[in-house]
Amino acid sequence: MTTTFPDVTISTDRLVLRSFEEEDVTALTEMMNDENVTAWTSVPHPYTQADAHAFATRHSHAERTEGRGIVFAVTEFLTQRLVGIVHLQNTDWRTRATEVGYVTAPWARGEGYASESVLAVAQWLFRDQGFERLELRTPADNTASQQVAQKIGCISEGVLRNAWIVRTQTADGGWTDTRTDLIVWSLVPEDLDEGDGYEGYDGYDDYAGGARFGQPAEASGYAVGADWS
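Conventions used here
- Residues numbered from 1 in each chain as written.
- Predicted model: local features only at pLDDT ≥ 70, side-chain atom pairs only at ≥ 80, totals over all residues.
- Heavy atoms only, no water.
- Core = buried A, V, L, I, M, F, W, Y, C linked by side-chain atoms within 4.5 Å.
- Buried < 20%, exposed > 50% of the residue type's maximum accessible area, 1.4 Å probe, protein only.
- Helix = DSSP H or I, 4+ residues; strand = E, 2+ residues; numbered from the N terminus.
- Contact = heavy atoms within 4.5 Å.
- Salt bridge = Lys/Arg side-chain N within 4 Å of Asp/Glu carboxyl O.
- Expected span 1.5 Å × (residues − 1).
- Phe/Tyr/Trp six-rings, centres within 6.5 Å; stacked < 30°, edge-to-face > 60°.
- Lys NZ or Arg CZ within 6 Å of the ring centre and 35° of its normal.
- Pairing = 2+ DSSP bridges.
- Right-handed = clockwise from strand over helix to strand, strands pointing away.

Details of the nonpolar core
The biggest cluster of nonpolar side chains holds 35 residues, and the ones touching the most others in it are L88 and W124. Residue assignment for this core shows that the elements contributing at least two residues are strand 2 (15-18), strand 3 (70-76), strand 4 (82-92), strand 5 (97-104), helix 4 (113-127), strand 6 (133-139), helix 5 (143-151) and strand 8 (175-187). Considering every element that reaches this core, the biggest residue donor is helix 4, with ten residues. With 17 residues, the next largest nonpolar core counts L28, M32, L82 and A105 among its residues.

What about the side chain of E63?
Note that E63 resides in helix 3 (residues 49-65). Judged by relative accessible area, E63 falls into the buried class, the value being 6%. Those residues in contact with E63 that sit more than four places away from it in its chain are R68, G69, V71, H87 and Q89.

Considerations on the pattern of salt bridges
As enumerated under the stated definition, the model contains eight salt bridges in all. Through salt bridges with shared partners, a single network forms among R133, E135, R137 and E157.

A look at helix 4
Compared with the 21 Å implied by 1.5 Å per residue over 15 residues, the 21 Å span of helix 4 between its first and last C-alpha is a close match. With respect to burial, helix 4 is a largely interior element, 13 of its 15 residues being buried.

Comments concerning the packing of aromatic side chains
In the structure shown here, the tally under the stated rule is six aromatic pairs. Ring plane angle 50° and centroid distance 4.7 Å describe the contact between F5 and W93, whose orientation is recorded as tilted. Here F5, found in the segment before strand 1 (10-11), pairs with W93, found in the loop between strand 4 and strand 5; they are 88 residues apart in sequence, far enough to count as distant. The buried category is assigned to F5, whose relative accessible area is 1%. Judged by relative accessible area, which is 9%, W93 ranks as buried. An aromatic cluster is defined as three or more aromatic residues linked by ring pairs; in this entry it consists of F5, F72, W93, W124 and F131. If you follow R81 out to its NZ or CZ, it ends over the ring of W107, 3.7 Å from the centre.

Concerning the environment of A105
Relative to the helices and strands, A105 resides in the loop between strand 5 and helix 4. Residues A105 and L28 lie 77 residues apart in sequence; the distance between their C-alpha atoms is 8.6 Å. If near-sequence neighbours (up to four positions away) are discounted, A105 is found in contact with M31, L82, V83 and G84.

A closer look at the pairing of strand 5
Strand residues, when the strand is regular, have side chains that alternate between the two faces of the sheet. By the criterion of burial, strand 5 is predominantly enclosed, with eight of the eight residues buried. Here strand 5 shows no split at all, with A97, E99, G101 and V103 on one side and T98, V100, Y102 and T104 on the other all buried. Judged from the three bridges that link them, strand 5 and strand 6 form a sheet pairing that is parallel. Bridged to E99 within strand 6 is E135. The handedness of the strand 5 to strand 6 crossover, carried by helix 4, is right-handed.

Looking at unusual backbone geometry
Residue H45 is joined to P46 through a cis peptide bond whose omega torsion reads -5°. In this structure, N90 takes a positive phi of about 55° despite not being glycine. Secondary-structure assignment places N90 in strand 4. Phi is positive for R96, which is not a glycine, with a value near 55°. Mapped onto the elements of the fold, R96 is located in the loop between strand 4 and strand 5.

Some thoughts on helix 5
Every buried residue belonging to helix 5 is among A144, S145, Q146, V148, A149 and K151, and all of these are buried. Looking one or two places after helix 5, you find G153, whose phi comes out positive at around 100°.

In structure tokens form, the structure reads like this:
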């Protein structure tokens, strides 16, 4: 049984999804220090150049080679700028199911890039890789991420109560941890076959989607498999 994803590039009309490279480190550092990414994800804060270098050159590639999932650097087709990340993680090869997390750079929001890139990965996952389920978990107050899930045709399956920790900013500019519920969404092949998925670029985009989006333990002290929303 296959237990790793192939090293592939996925293209859409506007985007190229590829493996991370060392040249992405500066843009990745800037993106991951955005306050909305800090709020909704478990990535280190501040997110240092060393964090970005480790992720771009080692840890993102290990996700694929060690069978946990696959990480795509999402880039604009015309400019090659780093738009964001789509991360398949917590993959169950027996049931052919995996979970998606994603981040969009602050400058690229409002263009529908999250919807476009996640849907492209879902189509590849179902049609080329024979997967049967894609799951997404969004914090209860992350409405932008929920709009992306709805836009690509995900079905809301229920709520995991008190299941996640988000960060909220304090009066002095610091951050504090707050518990929250998670909404569980899913996408299965027939959802795409029914034509209920993404249609056009209408401005839906979020800061970070998929609750469990983070760094491998050897990079930052966060548990392997904690994801970046």
